[in-house]
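Structural overview for review
Chain residues, written in single-letter form:
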Amino acid sequence: MYLPPHDPHVDDPMRFKPLFRIHLMERKCATVECMYGHKGPHNGHIQIVKKDEFSTKCNQTDHHRMSGGRQEEFRTWLREEWGRTLEDIFHEHMQELILMKFIYTSQYDNCLTYRRIYLPPSSPEDLIRPGLFKGTYGSHGLEIVMLSFHGKKAKGTKITGDPNIPAGQQTVEIDLAHPLQLPDIENLRDFSELSRIVLEVREQVRREEQEQEGEDRSQPAAKPLGGEGAAEGEETAAGAEGTTQDKASASQPFVLPMGVISRNEDYPRTCRICFYGTGLIAGHGFTSPERTPGVFVLFDDDRFGFIWLELKSFSLYSRIKVPFQNAEAPSREAFDEMLKNIQSLAT
């Protein structure tokens, strides 16, 4: 299992923790050992469910228990997961979220189902190379997000989730057709000024969508997918992104507006380009989800940020540089199908 670094250090490398191992024996036999817990390897089981899916089961879950009971298990988990003790965490809401995560994750006892995830395909027109990123999510700590490009849109899909937004959901969507011109550095410190700029673009996007809907209704038939129509659409998207890439060649000063909360104050002070985007927020248990306006900030090839306007918070994302083997999607269609599948599992 790959774990993110301790919050909020997004630039630190991923941590590695073995969960099970397989001993291949003679005569095509094998034994499986569960590595979960602190008492060493013990008997486990693996079942192939279907193509690209398998399950693990621990046959000796008593090996996961500690002599000090659940309290000792929680404190040990807290040191490993967060790199701190409960006494270090003063915020009551954060303590509640951490306890929820411990209860949720520890109940599985390494009885898990695994499904294959493809890394997103890339093209020369992409703003940056797509892939997996570590991101700060306030009191939830660090989470893993997959950044992928889809014509005039970029999507950030959660690979790991939290009690509010589960894994598989689209945490951010970036509108590459609507770059934002940030004010000068002094005016950027004023949150109301940034909010005014973003909300103006949101209204522009709404008008364009309404106009597009009106045009679609007035047309006798929609253009078929694929063929020349698709090629033209891709060309237009590539052209738009090419323009934004030209604009992104020079860096500009960047600072978070006053009142915007960031878990990591060590964010870059220059950025390449910003875009209008939306971020998904919800209550506990993914209740009342809604997409809210925000700002996507591209810092460099390996880091970007997102300002959640409604929450007045900032997430910083840093690329995961683990060289995963054989993780490329066999086709664009296979990758898109995988995205749909993981979202359907989350809902």
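Since the model is a prediction, treat every value here as computed from it, not as a measurement.

**Structural notes on the overall build of the chain**
When its secondary structure is counted, the chain shows 6 helices and 18 strands. The C-alpha radius of gyration computed for the chain amounts to 23 Å, which stays within 12% of the reference 20 Å derived for 347 residues, consistent with globular compactness. When the backbone C-alpha atoms are referred to their principal axes, the chain occupies close to 65 × 50 × 35 Å. Burial statistics for the chain: of 347 residues in total, 40% are counted as buried. Restricting the contact set of the chain to residue pairs at least 6 apart, pairs at least 24 apart contribute 55%. With the model as given, the accessible surface of the chain reaches about 19300 Å², and the carbon-plus-sulfur share is 52%. Looking at the chain, you have 41 positive and 52 negative side-chain charges, and the mean spots of the two groups are 6 Å apart.

**Brief notes about the packing of aromatic side chains**
Enumeration over the complete set of coordinates arrives at 20 aromatic pairs. Arranged with centres 6.1 Å apart and planes meeting at 80°, the rings of Phe20 and Phe54 form a pair that is edge-to-face. Of this pair, Phe20 sits in strand E3 (residues 20–24) while Phe54 is found in strand E6 (residues 53–58), placing the two residues 34 residues apart along the sequence. Residues Phe296 and Phe304 carry aromatic rings whose centres are separated by 5.2 Å and whose planes lie at 35° to one another, so their mutual orientation is tilted.

**Observations regarding the pattern of salt bridges**
When charged atoms on two side chains of opposite charge get close, those side chains can pair. Considering all chains together, one arrives at 25 salt bridges under this definition. The salt bridge partner of Glu73 is Arg70, with a shortest N-O separation of 3.3 Å. You can see Glu73 and its partner Arg70 sitting in helix H1 (residues 69–82), 3 residues apart, about one turn around the helix. For Arg70, a relative accessible area of 41% translates into the label partly exposed. Notably, a salt bridge pairs Asp300 with Arg303, separated by 2.9 Å at the nearest N-O pair. Judged by its relative accessible area of 24%, Arg303 falls in the partly exposed class. If you follow the salt bridges from partner to partner, you end up with Arg65, Arg70, Glu73 and Asp109 in one network.

**Quick notes on H1**
Taking 1.5 Å of rise per residue, 14 residues should cover 20 Å, and H1 covers 20 Å from first to last C-alpha, within 8% of that figure. Regarding H1, the residues found buried are Glu73, Phe74, Thr76, Trp77, Leu78, Glu81 and Trp82. Elements in contact with the buried residues of H1: strand E1 (2–3), strand E2 (15–16) and helix H2 (92–106). Positive backbone phi, approximately 70°, marks Gly83, located one or two places after H1.

**Some thoughts on the domain arrangement of the chain**
Annotation of the chain at the domain level lists domain 1 (2–115) and domain 2 (131–207 + 249–345). Distance from the C-alpha centre of domain 1 to the C-alpha centre of domain 2: 28 Å. On the domain 2 side, the residues contacting the 19 residues of domain 1 number 19 residues. In this assembly, domain 1 packs against domain 2 so that about 1700 Å² is buried in total across both faces, 66% of it on carbon and sulfur atoms. Contact with domain 2 buries surface across domain 1, with Val10, Met14 and Leu97 losing the most and accounting together for 33% of the total. Linking domain 1 to domain 2 there are 2 salt bridges. Here Arg303 and Asp11 are joined by a salt bridge, their closest N and O atoms 3.8 Å apart. For the pair domain 1 and domain 2, the number of links is 5 residue pairs in polar contact (both at pLDDT 80 or more). Sorting elements by how many residues they give to the side of domain 1 that touches domain 2 places H2 first, with 5 residues. Across the side of domain 1 that touches domain 2, the residue classes tally to 10 nonpolar, 3 polar and 6 charged.

Reading the values: rules and limits
Residues numbered from 1 in each chain as written. Predicted model: local features only at pLDDT ≥ 70, side-chain atom pairs only at ≥ 80, totals over all residues. Heavy atoms only, no water. Helix = DSSP H or I, 4+ residues; strand = E, 2+ residues; numbered from the N terminus. Rg over C-alpha atoms; globule rule 2.2 N^0.38 Å. Buried < 20%, exposed > 50% of the residue type's maximum accessible area, 1.4 Å probe, protein only. Contact = heavy atoms within 4.5 Å. Areas by Shrake-Rupley, 256 points an atom, 1.4 Å probe, with all protein chains shown as cover. Lys, Arg positive; Asp, Glu negative; His and termini not counted. Charge placed at Lys NZ, Arg CZ, Asp CG, Glu CD. Phe/Tyr/Trp six-rings, centres within 6.5 Å; stacked < 30°, edge-to-face > 60°. Salt bridge = Lys/Arg side-chain N within 4 Å of Asp/Glu carboxyl O. Expected span 1.5 Å × (residues − 1). Domains from an automatic or database assignment. Buried area = accessible area lost by both parts, 1.4 Å probe. Polar contact = N/O pair within 3.5 Å; in protein donor to acceptor, adjacent residues only side chain to side chain. Nonpolar A, V, L, I, M, F, W, Y, C, P; charged D, E, K, R; others polar.

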